[in-house]
Amino acid sequence: MSETIGSEMCDKSGKVFVAGHRGLVGSAIVRKLEQLGYTNLILRTHAELDLTRQSDVESFFSLEKPVYVILAAAKVGGIHANNTYPADFIAVNLQIQTNVIHSAYAHGVKKLLFLGSSCIYPKFAPQPIPESALLTGPLEPTNEWYAIAKIAGIKTCQAYRIQYKWDAISGMPTNLYGPNDNFHPENSHVLPALMRRFHEAKVSGAEEVVVWGTGSPLREFLHVDDLADACVFMLERYSGLEHVNIGSGQEVTIKELAELVKEVVGFEGKLGWDSSKPDGTPRKLMDSSKLASLGWTPKVSLRDGLRQTYEWYLENVCAAK
Ligand SMILES: NC(=O)C1=CN([C@@H]2O[C@H](COP(=O)(O)OP(=O)(O)OC[C@H]3O[C@@H](n4cnc5c(N)ncnc54)[C@H](OP(=O)(O)O)[C@@H]3O)[C@@H](O)[C@H]2O)C=CC1
Ligand SMILES: C[C@H]1O[C@H](OP(=O)(O)OP(=O)(O)OC[C@H]2O[C@@H](n3cnc4c(=O)[nH]c(N)nc43)[C@H](O)[C@@H]2O)[C@@H](O)[C@@H](O)C1=O
């Protein structure tokens, strides 16, 4: 049934609304669409359009009538932010996605891509994690509020698809990094947090950099340019009820990641560990064979991606200070 709804994004002059276009993911998707010749991108900053405000979202869709929607606006953060602001992570995300998905459907959008996250899967899911592991066990407590919102997003897309035969699809990215990431010292994800900490330690001549947790958790990292490529690939080629994992297959321990970032940044001091900070889920390597079977593969290695991201950080974050 779901396979008959399909309407590939192919009209390069059709209006595409990229929600969250100044974030890590949204900005990479804009770069990718522009590179591919999409000429009619509709973009609104958070200040111009607060997606938690239902009537503003309704008015925007009624006025602009986009043809395609990529939902990359969300309340996003690392383990500390997720654990500290659970109300924001569940409420803001439920509001944004419910408003955007409903208005998109109601105002004639042809196709919508919702983005979830690998944290939707149970804490002790089988590895690599197949799409079918969804809702088969308890979630990781540090991000269950965000995960519940993301699971609701997948289910909302499926419900509109089933009831209205409307082409809403969902992609589940693994941990991402790249240009326009959030480098906040506490609220960011591990990779930008460590890049900033090692850089500042190198500049200040500090002897040690402290990394959170035990260093043993495993994480899979995907460069955001690969993710953007996968998102456009899905819009152009995928139409199905089930969400699709988007991973790189490149898994490292946090200790290995810290050593790699240290090397790329050129910090020559020691690594220390703060085991009072949570490790989070022990491992979340996704099984991305479904996307691979459709013909998509990632291109950027972790080492190259780290080098490119550090150059971007030096040119855009440090130079701007
Ligand atoms: N980063 C990662 O590692 C991963 C991300 N994802 C998913 O990818 C998507 C994008 O994440 P990412 O790019 O990293 O996040 P960012 O925080 O970098 O970007 C999110 C964007 O959403 C905007 N936004 C937030 N709240 C609102 C609002 N109420 N109204 C309008 N705009 C709003 C932000 O604007 P402003 O900053 O002005 O508030 C920002 O531009 C999310 O759905 C996330 O769950 C999935 C897996 C991993
Ligand atoms: C994408 C995904 O991201 C989040 O989950 P997470 O993978 O646990 O995210 P994280 O990047 O913050 O941490 C990864 C690991 O790294 C360790 N770690 C070491 N040192 C720092 C550090 O300095 N900062 C952070 N943040 N972590 C550190 C940290 O202790 C943990 O073991 C979700 O909440 C949710 O947002 C989500 O879906």
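Residues numbered from 1 in each chain as written. Chains lettered and ligands numbered in written order. Predicted model: local features only at pLDDT ≥ 70, side-chain atom pairs only at ≥ 80, totals over all residues. Heavy atoms only, no water.

Things to note about the site of ligand 1
Note the following rule: If a single non-hydrogen atom of a residue is within 4 Å of a molecule or strand, that residue counts as near it. Counting of polar contacts relies on pairs of N or O atoms within 3.5 Å, with two restrictions inside protein: one atom must be capable of donating a hydrogen and the other of accepting it, and residues adjacent in sequence are counted only when both atoms are side-chain atoms. Using the Shrake-Rupley algorithm and a 1.4 Å probe, accessible areas are obtained, with residue cover drawn only from the displayed protein chains.
Residues in close proximity to ligand 1 total 25 residues, the closest being Val25, His46, Leu51, Tyr146 and Lys150. The separation between an oxygen atom of ligand 1 and a polar side-chain atom of Tyr146 is 2.4 Å. Within the backbone of Leu176, an N or O atom sits 3.0 Å from an oxygen atom of ligand 1. Considered on its own, ligand 1 offers 890 Å² of accessible surface; in the complex 83% of this is hidden by protein.

Comments concerning the packing of aromatic side chains
Put simply, the rule reads: Only rings of Phe, Tyr and Trp enter the pairing, Trp through its six-membered ring, and a pair is recorded when the two centres are within 6.5 Å. The plane angle decides the type: under 30 degrees is stacked, over 60 is edge-to-face, the rest tilted. Helix and strand definitions here come from DSSP, where helices need a minimum of 4 consecutive H or I residues and strands a minimum of 2 consecutive E residues; each element is numbered from the N-terminal end. Between buried and exposed lies partly exposed: a residue is buried under 20% and exposed over 50% of the maximum accessible area for its type, with that area taken using a 1.4 Å probe on protein chains only.
The final tally for this structure, using the stated rule, is 13 aromatic pairs. Their ring planes at 80 degrees and their centres at 5.8 Å tell us that Phe17 and Phe61 sit as a pair that is edge-to-face. Of this pair, Phe17 sits in strand S1 (residues 16–19) while Phe61 is found in helix H2 (residues 54–64), placing the two residues 44 residues apart along the sequence. The pair formed by Phe17 and Phe61 is uniform in burial state, with each residue classed as buried. Seen from their ring centres, Phe89 and Tyr146 are 5.8 Å apart, and the 75 degrees between their planes marks the pair as edge-to-face. Of this pair, Phe89 sits in helix H4 (residues 86–106) while Tyr146 sits in helix H5 (residues 144–164), placing them 57 residues apart in sequence. An identical accessibility class is assigned to Phe89 and Tyr146; each is buried.

Observations regarding the UniProt feature "domain: NAD-dependent epimerase/dehydratase" (unreviewed entry) in the protein chain
Rules: UniProt positions are given in the numbering used here, feature names are shortened, and annotations may be inferred rather than shown by experiment.
With numbering matched to this structure, UniProt assigns "domain: NAD-dependent epimerase/dehydratase" (unreviewed entry) to residues 16–247. Across residues 16–247 one finds 43% helix and 17% strand; the C-alpha atoms that close the span lie 24 Å apart.

Some details on the site of ligand 2
Ligand 2 sits among 22 residues. The nearest are Gly77, Ser117, Arg197, Pro278 and Asp279. Taking Asn175, its side chain carries an N or O atom lying 3.0 Å from an oxygen atom of ligand 2. With respect to ligand 2, the side chain of Arg197 contributes an N or O atom lying 2.6 Å from an oxygen atom. When ligand 2 sits alone it has 700 Å² of accessible area, and the protein chains cover 98% of it.

Observations regarding empty space enclosed by the protein
Formally: The distinction between a cavity and a pocket rests on a 1 Å grid over the protein atoms alone: a 1.4 Å probe fits inside a cavity but cannot get out, while a pocket stays open yet meets protein on both sides within 12 Å along at least five of seven lines, and a residue with an atom within 4 Å of a point counts as lining. Grid points are joined across faces, edges and corners, and a volume is the space filled by probe spheres set on the points. Classification used: nonpolar for Ala, Val, Leu, Ile, Met, Phe, Trp, Tyr, Cys and Pro, charged for Asp, Glu, Lys and Arg, polar for all others including Gly.
The tally for this structure, following the rule as stated, stands at 2 cavities of 30 Å³ or more. Reported here for the largest cavity is a volume of approximately 70 Å³. Ser118, Cys119, Tyr121, Pro122, Lys123, Ile129, Glu140, Asn143, Thr281, Arg283 and Lys284 together form the lining of the largest cavity. Its residues assigned to classes, the lining of the largest cavity comprises 4 nonpolar, 3 polar and 4 charged. Approximately 40 Å³ is the volume attributed to the second largest cavity. In terms of lining residues, the second largest cavity is bounded by Leu71, Ala73, Ala74, Asn93, Ile96, Gln97, Phe114, Leu115 and Lys150. Going through the elements one at a time, H4 and strand S4 (111–115) are the ones with two or more residues in the lining of the second largest cavity. Take the lining of the second largest cavity: its biggest share by element is 3 residues, from H4. The residue inventory of the lining of the second largest cavity, partitioned by class, reads 6 nonpolar, 2 polar and 1 charged.

So, the sheet that holds strand S2 (residues 41–42)
To keep it simple, the criterion reads: The pairing criterion is simple: DSSP has to find at least two bridges between the two strands. Contacts are residue-level and defined by heavy atoms, with any inter-residue pair within 4.5 Å sufficient. Interaxial angles span 0 to 180 degrees and are taken between N-to-C directions of axes, which are lines fitted to C-alpha atoms, for helices over the stretch in contact.
Pairing within the open sheet is parallel, and its 6 strands lie in the order S2-S1-S3-S4-S5-S9. In the strand order of this sheet, the two ends are held by S2 and strand S9 (244–246), each with one partner. Of the pairings in the sheet, the one linking strand S5 (residues 167–173) to S9 comprises 3 bridges and is parallel in character. Bridged to Pro173 within S9 is Ile246. This element, H5, spans S4 and S5 of the sheet and lies at about 155 degrees to S5.

Some points on the pattern of salt bridges
For clarity, the cut-off: We count a salt bridge whenever a side-chain nitrogen from Lys or Arg sits within 4 Å of a carboxyl oxygen from Asp or Glu.
In this structure the tally under the stated criterion is 16 salt bridges. Taking the shortest distance from any N to any O, the salt bridge between Lys32 and Asp229 comes out at 3.2 Å. With Lys32 in helix H1 (residues 24–35) and Asp229 in helix H7 (residues 224–237), the pair connects residues that are 197 residues apart, well separated along the chain. Both residues of the pair, Lys32 and Asp229, belong to the buried class. When salt bridges that share partners are traced, they join Lys15, Arg44 and Glu64 into one network.

Side note on the nonpolar core
In plain terms, the rule: Definition used in this section: a nonpolar core is a set of buried Ala, Val, Leu, Ile, Met, Phe, Trp, Tyr and Cys residues joined via side-chain atoms within 4.5 Å.
Counting 38 residues, the largest nonpolar core has Phe17, Leu51, Phe61, Val100 and Leu112 as its most contacted members. Listing elements by their share of this core, those giving two or more residues are S1, H2, strand S3 (68–71), H4, S4, H5 and S5. Broken down by element, this core gets its largest block of residues, 6 residues, from H5.

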